[in-house]
Amino acid sequence: MTITVLLFARYREAAGRDSVQVEVKDGATLGEVWERVMSTVPALRAETAPLMACDRAYARRDRTLRGTEEVAVFPPVSGG
């Protein structure tokens, strides 16, 4: 299945685009999607702990996808 992954902040800058499409097997997890993103955008290979969202809600890497979800990734943030 084809998943469109929205990229934010330094991930978008590293990729040079707002989103990337990746092919994953049916029933893939968000973690598997991130692995494909890193292989598609070599500049992101060092990013091991992205925040991930599925349908506009934070989600864990073990979340299984149906292929219709909106997926977004962005770098960890800190605040004070």
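Predicted model, so just to flag it, every value in this text is computed and none were measured.

Asker: I'd like a rundown of the nonpolar core, residues and numbers included.
Answerer: With 23 residues, the main nonpolar core has I3, V5, L7, V33, W34, V37 and L65 as its most contacted residues. Breaking this core down by element, the ones donating at least two residues are β1 (2-7), α1 (10-15), β2 (19-23), α2 (30-40), β3 (51-54) and β5 (71-74). Ranked by residue count, the leading element in this core is α2, at five residues. Every residue in contact with V5, bar those within four places of it in the chain, is listed here: D18, S19, V20, V22, V33, V37, V71 and V73.

Asker: Got a sec to walk through α2? Specific residues and values, please.
Answerer: Turning to α2, its buried residues are L30, G31, V33, W34, V37 and M38. Taken around the axis of α2, the buried residues stretch over an arc of 155°, which confines them to a single face. Each element contacted by the buried residues of α2 is listed here: β1, α1, β2, β3 and β5.

Asker: Pulling in residues and values, what's your account of the packing of aromatic side chains?
Answerer: With the rule as written, the count across this model stands at three aromatic pairs. Ring centres 6.4 Å apart and planes at 85° place the aromatic pair F8 and F74 in the edge-to-face group. Here F8, found in the loop between β1 and α1, pairs with F74, found in strand β5; they are 66 residues apart in sequence, far enough to count as distant. Using a relative accessible area of 36% as the deciding quantity, one classes F8 as partly exposed. Measuring from centroid to centroid gives 6.0 Å for Y58 and F74, while their planes differ by 50°, and the two rings are tilted. Highlighted residues: Y58 in strand β4 (residues 57-58) and F74 in strand β5, separated in sequence by 16 residues.

Asker: Describe the confidence of the model for the chain, naming the residues involved and giving the relevant values.
Answerer: With 98% of its residues at a pLDDT of at least 70, the chain reaches an overall mean of 94. The element-level mean pLDDT for the chain is lowest in α1, coming to 95, with β1 highest at 97.

Asker: Describe unusual backbone geometry, and please don't skip the residues or the numbers.
Answerer: Unlike most non-glycine residues, A9 shows phi in positive territory, near 55°. One can find A9 in the loop between β1 and α1. Taking the relative accessible area as the measure of exposure, A9 reaches 36% and is therefore partly exposed. One non-glycine residue, R56, lies in the positive phi region at around 65°. Here R56 is to be found in the loop between β3 and β4.

Rules behind the numbers
Residues numbered from 1 in each chain as written. Predicted model: local features only at pLDDT ≥ 70, side-chain atom pairs only at ≥ 80, totals over all residues. Heavy atoms only, no water. Core = buried A, V, L, I, M, F, W, Y, C linked by side-chain atoms within 4.5 Å. Buried < 20%, exposed > 50% of the residue type's maximum accessible area, 1.4 Å probe, protein only. Helix = DSSP H or I, 4+ residues; strand = E, 2+ residues; numbered from the N terminus. Contact = heavy atoms within 4.5 Å. Arc of directions from axis to C-beta. Phe/Tyr/Trp six-rings, centres within 6.5 Å; stacked < 30°, edge-to-face > 60°. pLDDT = per-residue confidence, 0-100.

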